[in-house]
Amino acid sequence: MSERARVTELTYYPVKGCAGITVPEARITPDGLPHDRAYVIVDEAGELRWQWGDPGLALITPHSVGHRGDLTLRAPDRDDLRVAGKEEAQEVMDLPGQPYGAVDQGEAAAAWVTGVLGRPSRLLRVRKTPGGTAANHSRLHVVSRASLDRLNGHLTERGVAPLPVNRFRPNIVVDGWDTPHTEDTAARLSVGSTELALTEPTVRCAITMVDQETGRRAGPEPLRTLADYRKAQDGIVFGAYFTVVREGKVTVGDGVEVVEAVDV
């Protein structure tokens, strides 16, 4: 593998489905990036809102996250929302179909997200429950620039403009691998002072067809083109999920080494 591989972007997403915060460095714990998917937005039934159903989520931009998880959100034509990040409540809500609980952040936050999305919604802070996991399932999403370059090459052949990496909402972007989709076959990665273990390739959904800058559905790409050469048994795959097996610090510019490849 190329020794030139480096971390070029490091991003966490404080609110699941909303815009991310790109940072120059971060401490990686067994739970992944601090505050990643620490909050979720749900509908009246407690079901998660997601970008294909509510593409306006992409326009909700976290501005800052404090040490205790307090949060400031911004959206076009809205005053900022400041959330204290309540963790304690008499009852931790169980969300339908989700392996974690959450604490409602109150009426002011609910009114703000409802106003942005135009449909009744509530902002919840995720809480781990016994036997449960956080909203990111304690994993990191890795995408390589080589994989994106291959996709964009195919798009160019079709007369379609290249897509930015934020369509895939990665936590870590790696540049310098000679072979596209190296992330699929890297059983173990050394990244900075951390070590990551491959969980599974990332099965892509319609969210990749939402323009992250405008908050609008912009299909059929990239799924149409990816279906030509990235269709697996479980669906269309692009990028890969990793768990943290050795915690540590990651800084943009750190080297990325494939410690162990998948045995095929």
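Everything here concerns the structure above.
What you see is a predicted model; the values in this text were computed from it and never measured.

Draft legend 1. Geometry of the overall build of the protein chain. Scanning the protein chain from N- to C-terminus turns up four helices and 20 strands. In terms of overall size, the protein chain behaves like a compact globule, its C-alpha atoms giving a radius of gyration of 18 Å where 264 residues would be expected to give roughly 18 Å. Burial analysis of the protein chain (264 residues in total) assigns 48% to the buried set. For the protein chain, the exposed area adds up to about 12,400 Å²; of that, 47% sits on carbon and sulfur atoms. Charge-centre separation for the protein chain: the mean point of 31 positive side chains lies 3 Å from the mean point of 37 negative side chains.

Draft legend 2. Here's a closer look at the pattern of salt bridges. Inspection of the entire model under this criterion finds 16 salt bridges. Among the ionic pairs, Glu221 bridges to Arg158, the shortest N-O distance being 3.9 Å. With Glu221 in the loop between β16 (216-217) and α4 (223-229) and Arg158 in the loop between α2 (145-157) and β12 (172-175), this pair connects stretches of sequence that are 63 residues apart. Taken together, the shared-partner salt bridges connect Arg158, Glu221, Arg224 and Asp228 into one network.

Draft legend 3. Broad picture of the sheet that holds strand β8 (residues 93-94). With antiparallel pairing, four strands are arranged side by side in an open sheet as β4-β10-β9-β8. Two strands lie at the open edges of the sheet, namely β4 (39-42) and β8, each paired on one side alone. Here β8 pairs with strand β9 (residues 101-104) via two bridges, running antiparallel. Its bridge partner lying in β9, Met93 is registered against Ala102. The strands touched by helix α1 (residues 107-117) within the sheet are β4 and β10 (122-127), with β10 carrying the most contacts at an inclination of about 120 degrees.

Draft legend 4. Quick look at the nonpolar core. Of all hydrophobic cores here, the largest spans 24 residues; its most connected members are Ile172, Leu189, Leu196 and Val256. Listing elements by their share of this core, those giving two or more residues are β1 (6-12), β3 (25-28), β11 (140-144), β12, β13 (186-191), β18 (235-246) and β20 (256-261). In this view, Leu189 contacts Trp177, Thr194, Glu195, Leu196, Phe242, Val256, Glu257, Val258 and Val259; residues no more than four positions away in its chain are not counted. In this structure, Ala38, Leu73, Ala109 and Leu123 belong to the second largest nonpolar core, which totals 17 residues.

Draft legend 5. Just the pairing of β12, in detail. Looking at chain direction, β1 and β12 are connected through four bridges and run antiparallel. Residue pairing in the sheet places Leu10 in a bridge with Ile172 of β12. Remark: the β11/α2/β12 crossover connection has right-handed handedness.

Draft legend 6. Spotlight on the side chain of Ser144. Along the chain, the position of Ser144 falls in strand β11. Its relative accessible area of 1% is what places Ser144 among the buried residues. At a separation of 2.7 Å, a polar atom in the side chain of Ser144 contacts the side chain of Ser147. For Ser144, the side chain forms a polar contact with the side chain of Glu183, separated by 2.8 Å.

Draft legend 7. Looking closely at the environment of Gly46. When you line up the elements, Gly46 lands in the loop between β4 and β5 (61-65). You can call Gly46 buried: its relative accessible area is 10%. As for Gly46 and Glu195, which are separated by 149 residues in sequence, their C-alpha atoms are 35 Å apart. Ignoring any residue separated from it by four or fewer positions in sequence, one finds Gly46 in contact with Leu95 and Pro96.

Draft legend 8. How the structure looks around α2. For α2, built from 13 residues, the straight-helix expectation of 18 Å at 1.5 Å per residue is met to within 8% by its first-to-last C-alpha distance of 18 Å. By the burial criterion, the buried members of α2 are Ala146, Ser147, Leu148, Leu151, Asn152 and Leu155. Tucked inside the fold, the buried residues of α2 contact β11, α3 (182-185), α4 and β18. In the segment just after α2, Gly159 is the residue with positive phi, at about 80 degrees.

Draft legend 9. A look at the sheet that holds strand β6 (residues 71-74). Taken together, the three strands give an open sheet; going across it, the order is β5-β6-β7, and neighbouring strands pair in antiparallel fashion. For this open sheet the edge positions go to β5 and β7 (81-83), each flanked by a neighbour on one side alone. Each strand of the sheet is rotated relative to its neighbour by a mean of 20 degrees, with strand direction disregarded. Pairing analysis gives four bridges linking β5 to β6, with the strands arranged antiparallel. Bridge pairing links Pro62 to Leu73 in β6.

About the cut-offs
Residues numbered from 1 in each chain as written. Predicted model: local features only at pLDDT ≥ 70, side-chain atom pairs only at ≥ 80, totals over all residues. Heavy atoms only, no water. Helix = DSSP H or I, 4+ residues; strand = E, 2+ residues; numbered from the N terminus. Rg over C-alpha atoms; globule rule 2.2 N^0.38 Å. Buried < 20%, exposed > 50% of the residue type's maximum accessible area, 1.4 Å probe, protein only. Areas by Shrake-Rupley, 256 points an atom, 1.4 Å probe, with all protein chains shown as cover. Lys, Arg positive; Asp, Glu negative; His and termini not counted. Charge placed at Lys NZ, Arg CZ, Asp CG, Glu CD. Salt bridge = Lys/Arg side-chain N within 4 Å of Asp/Glu carboxyl O. Pairing = 2+ DSSP bridges. Contact = heavy atoms within 4.5 Å. Axes fitted to C-alpha atoms, helices over the stretch in contact; angles between N-to-C directions. Core = buried A, V, L, I, M, F, W, Y, C linked by side-chain atoms within 4.5 Å. Right-handed = clockwise from strand over helix to strand, strands pointing away. Polar contact = N/O pair within 3.5 Å; in protein donor to acceptor, adjacent residues only side chain to side chain. Expected span 1.5 Å × (residues − 1).

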